[in-house]
Amino acid sequence: LCLQVPELEKATVRMRQPERVRGIIQSLREQGVAKLQVISDFDMTLSRFGCNGRRCPTSHSILDTSRVISEDGKKKLKDLLHYYYPIEIDPNRTLEEKCPLMVEWWTKAHELLVQQKIHKDDIAQIVRESEAMLRDGFKEFFHQLHKNNVPLFIFSAGIGDILEEIIRQANVFYSNVNVVSNYMDFNNDGVLTHFRGPLIHTYNKNNTVLQGTEYFQQLSTRTSIILLGDSMGDLTMADGVPSMENILKIGFLNDKVEERREKYLDSYDIVLESDETLDVVNGILRYILTE
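Owing to the predicted nature of the structure, the values given are computational and were not obtained by experimental measurement.

Rules and cut-offs
- Residues numbered from 1 in each chain as written.
- Predicted model: local features only at pLDDT ≥ 70, side-chain atom pairs only at ≥ 80, totals over all residues.
- Heavy atoms only, no water.
- Phe/Tyr/Trp six-rings, centres within 6.5 Å; stacked < 30°, edge-to-face > 60°.
- Buried < 20%, exposed > 50% of the residue type's maximum accessible area, 1.4 Å probe, protein only.
- Lys NZ or Arg CZ within 6 Å of the ring centre and 35° of its normal.
- Helix = DSSP H or I, 4+ residues; strand = E, 2+ residues; numbered from the N terminus.
- Salt bridge = Lys/Arg side-chain N within 4 Å of Asp/Glu carboxyl O.

1. Here we look at the packing of aromatic side chains
Thinking step 1. According to the stated counting rule, one finds 6 aromatic pairs in the structure shown.
Thinking step 2. Aromatic side chains Tyr 83 and Tyr 84 sit 4.7 Å apart centroid to centroid with 90° between the ring planes, which places their arrangement in the edge-to-face category.
Thinking step 3. Pairing Trp 105 with Trp 106 gives two aromatic rings, centres 5.0 Å apart and planes at 70°, and the pair type is edge-to-face.
Thinking step 4. Given the relative accessible area of 7%, Trp 106 is considered buried.
Thinking step 5. Grouped by ring-pair contacts, the aromatic residues Tyr 83, Tyr 84, Trp 105 and Trp 106 constitute a single cluster.
Thinking step 6. The lysine or arginine in question, Arg 29, covers the ring of Tyr 287, its NZ or CZ lying 4.5 Å from the ring centre.

2. Considering unusual backbone geometry
Thinking step 1. With an omega of -10°, the peptide bond running from Gly 197 to Pro 198 counts as cis.
Thinking step 2. Mapping Pro 198 onto the fold places it in the loop between β8 (192-195) and α8 (214-218).
Thinking step 3. For Asn 52, which is not glycine, the phi torsion reads 50° and is therefore positive.
Thinking step 4. In this structure Asn 52 comes out as exposed when scored by relative accessible area, which is 75%.
Thinking step 5. At Lys 256, a position not held by glycine, the phi torsion is positive, near 50°.

3. Some words on the pattern of salt bridges
Thinking step 1. The full count for this structure, using the stated rule, is 27 salt bridges.
Thinking step 2. Close ionic contact of Lys 108 with Glu 104 constitutes a salt bridge, the shortest N to O distance being 3.9 Å. One end of the pair, Lys 108, and the other, Glu 104, are both in helix α4 (residues 95-115), 4 residues apart, so they sit about a helical turn from each other.
Thinking step 3. In this structure, Arg 261 and Glu 258 form a salt bridge, with 3.3 Å as the shortest nitrogen-oxygen distance.

What follows is the structure, given as structure tokens:
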């Protein structure tokens, strides 16, 4: 397989069952382009985790730390992060324990943002001034999928308005890209009044948010899936896909690598450790999409 996808030789790549991975990639290629879809998380999956030793911002933190948030607001949002983030990534807590706490976190954060009277017109500039970066190789990734009419479904617990703006400013917001995320609602004066439901957090990314949507129906024939994520919560993103035939799960292990490696290797087919590129994904797509 490394002959066809040389990127799998990269030092950042780990696989528990290379033979199984080979089989899935082969099947994805045989099933053909018409059956393929890509389902991906956004923050720290399509966007970079770090650059030159510094953390890159998530769609939430771009807003949380921007000039439109008061100092008091920034402090409160930071306090929430310090309290809830360790819970989110705690390997010893169950999903049942985590879910209500994630809802609590997102709800409190969104309420704080609403209090800031954020203006719709400021969003593009906030993104421009931020240090948000898509992973190296993003242009090829978006372009390959668009050129081959492969739907890219971005499923994010972040802020939809911000992440869409990041993709737009990178000039890769093509017609095959669909986003499900937490979107802001603005009043007639363009001021943020609330967030539209349903609330999407790290651990409820599954079909319940999509059931019955037109988009979901359109994709019913797309039974081959490449799933990209960076957390355990991302593993359920394809759970509602009807009659799924093949799924290849690729996980970006960005943080606390030693501590979390085993869990990731148990859950994802391919684990990319501290890899800030989309090289492996692009290599696999190239192999599947070329005649």
